[in-house]
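# Secondary and tertiary structure notes
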Amino acid sequence: MGVAAAQLTSNFRAVQDVVSGGVTVVAVIKADAYGHGAALCAAPLLAGGAEWFGVTDVAEGVDIRRNLRKSSKVPEVENSPSILVMCGMEPADAADALRYGLTPVVWTPEHIAALDAAATEAGHEVRVHVEVDTGMARQGATVGAELDEVFEALKTARWVRCEGLMTHLCSAEVAGAPSTEAARGRFERAAGQTLAAGVRPRFVHVGNSSAVDEASTLQWLRRQADLLGASCMVRPGLALYGYCLPLQGDTSVFPALRARLRPVMTWEAPVIGLRDIDAGATVGYGASFIALRPMRLALLPVGYADGFRREASSGMGDGWVMLRGRRAPVVGRVSMNLTVVDVTAGAEVRVGD
Ligand SMILES: *Cc1c(COP(=O)(O)O)cnc(C)c1O
């Protein structure tokens, strides 16, 4: 498995160009950088100018911080870059959040109390971003009484500073979605509550890769930021690795981002065997494939245990690999650790390719 660092930073730069100046781009490297390896991805993104990373939980944040502190390429500045913990904060994590200088997303008075206690212990403040639920019903305080309770807790806390106000949209890839309209309305009310509570976050953020691609959300977000005297942030993940969901709805909105993205990951495996079979021979489990003519097969040491999905089997998903610049279709079922591909058309294929 290979990750092209230059392509990763190029995708990051594409997001920066599309959102243009004054918008901070959080490089989302949660879930082990979408399977690409967070440790592999963090260093090139940092070198490419990322000042913020987004991770799943405190444990991931701790790993990243340790890695970056160890890596000689990273300046020894304490707690730089910032690391946003996006998907859940347990009170038991508060001490590590402080120790490793993480920035948790919070949405309950309990989160704030736990962080305040840990911060008092540590003797320095902790920055948090308050999430508003605008229609996902996963995380976030609902607009109204719940959000006010969060602001109350922030007032009571001595060492917890609200640095951001954010939400997550349920249908960012659908242009003009009624649910996005509703979410914007809720967030606008949350922004009003924030002002009324005297809270002045430095950042407001809404927006994954699709929201950057779709563009209208960012225009709206800029207005919210102006109202709050804050600056905008976006949180792309998928785009960094070279992908964007298809935009739905009003296709007159030109997708600004997708045209500039290229996949970052390559996955290589060597040919470990070649075999000629006669017409009538069967291949793989279940004898699900029967050769209709003589064929030449190549064996690859990769299977579904490695993540080469069983659905790529012939007759199921009809997967293929690239071999010497040519498509070699999967033959029969993908096994746990082995896969057979058809190289009948590629007489030049050798073991070791
Ligand atoms: C995963 C996640 C993102 C990134 O979403 P992509 O669609 O991969 O760009 C942004 N914000 C939050 C809160 C997330 O959990």
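Residues numbered from 1 in each chain as written. Predicted model: local features only at pLDDT ≥ 70, side-chain atom pairs only at ≥ 80, totals over all residues. Heavy atoms only, no water.

### Quick look at the site of the ligand
Here is the rule: Each residue is tested against the molecule or strand, and it is near if at least one of its non-hydrogen atoms lies within 4 Å. Under this definition, polar contacts are N or O atom pairs within 3.5 Å; protein pairs additionally need one hydrogen-donor-capable and one acceptor-capable atom, and for neighbouring residues in sequence, both atoms have to be side-chain atoms. Each accessible area is a Shrake-Rupley estimate made with a 1.4 Å probe; only the visible protein chains count as cover when residues are assessed. A 1.4 Å probe that fits into a set of points on a 1 Å grid over the protein atoms alone but cannot get out defines a cavity; an open set with protein on both sides within 12 Å along at least five of seven lines defines a pocket, and lining residues are those with an atom within 4 Å of a point. Criterion for pocket placement: a molecule counts as inside a cavity or pocket if more than half of its atoms are within 2 Å of its grid points. Residue classes follow a fixed rule: Ala, Val, Leu, Ile, Met, Phe, Trp, Tyr, Cys and Pro count as nonpolar, while Asp, Glu, Lys and Arg count as charged, and any other residue, Gly among them, counts as polar.
Surveying the vicinity of the ligand reveals the residues Lys-30, Tyr-34, Met-86, Cys-87, His-168, Asn-208, Ser-209, Arg-235, Pro-236, Gly-237 and Leu-238. Ser-209 places a polar side-chain atom, nitrogen or oxygen, 2.5 Å from an oxygen atom of the ligand. Contacts to the ligand include Leu-238, whose backbone N or O atom sits 2.8 Å from an oxygen atom. In isolation the ligand has 390 Å² of accessible area, and contact with the protein removes 89% of it. When atom positions are compared with the pocket grids, the ligand is found to occupy the largest pocket. Along the lines of polarity and charge, the residues of the shell around the ligand split into five nonpolar, four polar and two charged.

### Quick word on the environment of Leu-8
Rules: Runs of E in the DSSP output that reach at least two residues are strands. Runs of H or I that reach at least four are helices, and both are numbered from the N terminus. Any two residues whose heavy atoms approach within 4.5 Å at even a single point are treated as in contact.
Mapped onto the elements of the fold, Leu-8 is located in helix H1 (residues 5-19). For the pair Leu-8 and Tyr-241, spaced 233 residues apart in sequence, the C-alpha separation works out to 6.3 Å. Among all residues touching Leu-8, those that are not within four sequence positions of it are Cys-41, Pro-44, Leu-45, Leu-240, Tyr-241 and Val-264.

### What about unusual backbone geometry?
For clarity, the threshold we go by: With a 1.4 Å probe rolled over the protein chains alone, any residue whose accessible area is under 20% of its type maximum counts as buried; one over 50% counts as exposed, and the rest are partly exposed.
For the bond from Ser-80 to Pro-81, the omega torsion is 0°, close enough to zero to count as cis. Mapped onto the fold, Pro-81 is located in the loop between helix H4 (58-70) and strand S4 (82-85). The residue Ser-20 is not glycine, and still its phi comes out positive at about 60°. Looking at the element boundaries, Ser-20 is found in the loop between H1 and strand S2 (24-28). Classification of Ser-20 by relative accessible area gives partly exposed; the value is 37%. You will see that Ala-137, though not glycine, has its phi angle at about 55°, which is positive.

So, to be careful, I would describe these as geometric facts and stop short of saying anything about function.
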